[in-house]
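Summary of the model geometry
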Amino acid sequence: MAIQWYPGHMTQARKKAEETMEFTDMVIEVLDARVPAASHNPMIDEMRLFRQRPQLKILNKADLADPAATQAWLNYFNAQPNTKAVALSCKKAGDAKKIPAICKKITPHRGTHLKPLRMLIMGIPNVGKSTLMNALLNRRVAKVGDEPAVTKSQQRFDLDDTMSITDTPGMMWPRIAYESDGYMLAASHAIGRNAVIDEDVATFLANNLLKSYPALVNARYKLDAMKLDVMQMDGVDLLEAIAKRRSYKRHDGLWDMEKTAVAFLTDYRSGAIGRVSLETPSSRAAMVLSTQTNPTNTSEQASDQASESDEASDSNQ
């Protein structure tokens, strides 16, 4: 089942962002380092390119992502025109403090008392924009929450007399083109839970991690001790094994797969499984090509394509 999520307030957020873009010198797009392409909103490029604004792509949550995959994405993005990409964790104040200096290098004609540098932070829900704002200003000015779409309106602040920054609400786009993107975003908690079925998302994620990071999965859930061969398992097998190991049972005696799915997704989101990435430039290209040649791709096939990552799997098996 394809996942789609576009709350009504995001239409107004898009219109307001288009207006603000006119009076902006550059765009800071915050991405999830585990899913950099899936977490990119194509509407941001449309607005930015229309106004011919340069961009800084921040691969946030880099401490949760596979370092090899992250480096591949940095190489990919830094080869694009008018683009600079960095990987960091916005929860680390030291990382966030590097951003203003990078932005000044991108726009050397701005950043003075006469011509202050005006930056616009954009991105999909729950990628860390508000956390970045709080770290940059060294105080809590933006509400941060575990659920996506916490920020509902724009906020503008002065970093000093030469720089200002505007935070925008998390913004999705009306239709997610690739089925696997919806599942990767749901797994990474960028989509509201009312739009997804946790068991389906967890099964997608399990299939992906079993193919790309079997050693990490085996270590986290101690499958060897259960006499299970991680190389012979699929996503459903893994979730059932987790339910048995943790004794997640319902009142009727059956395994509680809903509770298991939520626990597994939480392990991924928190980094308990290890540093993993769900896509790389090469796996992304393969997925897009596969979808174009076979428009009826199922979610399982999409998971296969999304997890075929030379950079990520070579460094973790």
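In short, a report on the structure. Everything numeric in this text was worked out from a predicted model, so none of it was measured. (Residues numbered from 1 in each chain as written. Predicted model: local features only at pLDDT ≥ 70, side-chain atom pairs only at ≥ 80, totals over all residues. Heavy atoms only, no water.)

Section: helix 11 (residues 257-270)
The first and last C-alpha atoms of helix 11 sit 20 Å apart over 14 residues, in line with the 20 Å expected at 1.5 Å per residue. The set of residues buried in helix 11 consists of Met257, Thr260, Ala261, Ala263, Phe264, Leu265, Asp267 and Tyr268. In this structure, the buried residues of helix 11 make contact with helix 7 (179-187), helix 8 (198-212), helix 9 (214-221) and helix 10 (235-246). The residue sitting at the N-terminus of helix 11 and contributing the capping side-chain oxygen is aspartate 256; that oxygen lies 3.4 Å from the backbone nitrogen of glutamate 258. Looking one or two residues beyond helix 11, the residue adopting positive phi is glycine 271, at roughly 90 degrees. (Helix = DSSP H or I, 4+ residues; strand = E, 2+ residues; numbered from the N terminus. Expected span 1.5 Å × (residues − 1). Buried < 20%, exposed > 50% of the residue type's maximum accessible area, 1.4 Å probe, protein only. Contact = heavy atoms within 4.5 Å. Polar contact = N/O pair within 3.5 Å; in protein donor to acceptor, adjacent residues only side chain to side chain.)

Things to note about the packing of aromatic side chains
Any aromatic ring pair is given by two values, namely how distant the centres are and how the planes are angled relative to each other. The final tally for this structure, using the stated rule, is 5 aromatic pairs. Over the aromatic face of phenylalanine 77 sits the side chain of lysine 57, whose NZ or CZ is 5.1 Å from the ring centroid. The ring centre of tryptophan 255 lies 4.9 Å from the NZ or CZ of lysine 249, which sits over that ring. (Phe/Tyr/Trp six-rings, centres within 6.5 Å; stacked < 30°, edge-to-face > 60°. Lys NZ or Arg CZ within 6 Å of the ring centre and 35° of its normal.)

Observations regarding the packing of helix 1 (residues 9-21) against helix 2 (residues 42-51)
Axes are the key here: two packed helices are described by the angle between their axes and the distance separating the axes. The interhelical angle for the contact between helix 1 and helix 2, taken along N-to-C directions, is 25 degrees, at an axis separation of 10 Å. The angle between helix 1 and helix 2 falls in the class roughly parallel. Considering how the two elements wind past one another, helix 1 and helix 2 form a crossing that is right-handed. Contacts from Arg14, Ala17, Glu18 and Met21 of helix 1 reach helix 2 at Met43, Met47, Arg48 and Arg51. Residues belonging to the contact of helix 1 with helix 2 are distributed by class as follows: 4 nonpolar, no polar and 4 charged. (Axes fitted to C-alpha atoms, helices over the stretch in contact; angles between N-to-C directions. Parallel < 35°, antiparallel > 145°, perpendicular 65-115°, else oblique. Left-handed = near helix turned anticlockwise from the far one by under 90°. Nonpolar A, V, L, I, M, F, W, Y, C, P; charged D, E, K, R; others polar.)

So, the environment of arginine 220
By the secondary structure assignment, arginine 220 is in helix 9. Leave out the neighbours within four places in its chain, and arginine 220 touches Arg246, Asp267, Ala272 and Ile273. There is a polar contact of 3.2 Å between the side chain of arginine 220 and the side chain of aspartate 267.

Brief notes about the sheet that holds strand 2 (residues 55-60)
Within a sheet, each strand pairs with its neighbour through backbone hydrogen bonds, oriented either parallel or antiparallel. Sheet architecture is open: 6 strands sit in the order 3-2-1-4-6-5, paired in mixed fashion. A single partner strand is all that each edge strand has here, and the edge strands are strand 3 (83-87) and strand 5 (155-160). The mean angle between the axes of side-by-side strands here comes to 20 degrees, regardless of whether they run parallel or antiparallel. In the packing of helix 6 (residues 129-137) onto the sheet, contacts are made with strand 1 (26-32), strand 2, strand 4 (117-122), strand 5 and strand 6 (163-167), and the angle to strand 5 comes to roughly 30 degrees. (Pairing = 2+ DSSP bridges.)

Quick notes on unusual backbone geometry
A positive phi angle, close to 55 degrees, is found at glutamine 52, a residue other than glycine. Relative to the helices and strands, glutamine 52 resides in the loop between helix 2 and strand 2. Its identity is not glycine, yet lysine 61 carries a phi of approximately 65 degrees, on the positive side. Secondary-structure assignment places lysine 61 in the loop between strand 2 and helix 3 (67-78).

A few points about the pairing of strand 1
Where burial is concerned, most of strand 1 is hidden: 7 out of the 7 residues are buried. Side-chain alternation along strand 1 places Met26, Ile28, Val30 and Asp32 on one buried face and Val27, Glu29 and Leu31 on a second face that is also buried. When strand 1 meets strand 2, the two strands line up parallel, connected through 6 bridges. The partner of valine 30 across the bridge, within strand 2, is isoleucine 58. Traced from strand 1 through helix 2 to strand 2, the parallel crossover comes out right-handed. (Right-handed = clockwise from strand over helix to strand, strands pointing away.)

Description of the nonpolar core
One recurring pattern in soluble globular proteins: nonpolar side chains tend to sit buried together. With 79 residues, the main nonpolar core has Ile28, Ile99, Leu132, Leu238 and Phe264 as its most contacted residues. Of all the elements, helix 8 adds the most residues to this core, at 7 residues. Apart from residues lying up to four places away in sequence, isoleucine 99 is in contact with Ile28, Leu56, Ile58, Val86, Leu88, Leu132 and Leu136. Ala33, Ala65, Phe77 and Ala85 belong to the second-largest nonpolar core, a separate cluster that totals 10 residues. (Core = buried A, V, L, I, M, F, W, Y, C linked by side-chain atoms within 4.5 Å.)

Considering the pattern of salt bridges
Applying the stated criterion across every chain, the model contains 15 salt bridges. A salt bridge links aspartate 181 to arginine 284; its shortest N-O distance comes to 2.5 Å. Remark: arginine 284 occurs in helix 12 (residues 281-293) and aspartate 181 occurs in helix 7; sequence separation between them is 103 residues. Neither residue differs from the other here; aspartate 181 and arginine 284 are each classed as buried. Across the pair aspartate 267 and arginine 220 runs a salt bridge whose closest N-O atoms are separated by 3.2 Å. (Salt bridge = Lys/Arg side-chain N within 4 Å of Asp/Glu carboxyl O.)

Looking at the side chain of glutamate 279
Residue placement: glutamate 279 occurs in the loop between helix 11 and helix 12. Within the structure, glutamate 279 has its side chain in polar contact with the side chain of arginine 284 (distance 3.3 Å).

Considering the environment of valine 127
With respect to the secondary-structure elements, valine 127 resides in the loop between strand 4 and helix 6. Owing to a relative accessible area of 1%, valine 127 belongs among the buried residues under this scheme. For the pair formed by valine 127 and lysine 61, sequence separation is 66 residues and the distance between their alpha carbons is 8.0 Å. In contact with valine 127, other than residues within four places in its own chain, are Val30, Leu31, Asp32, Asn60 and Lys61.

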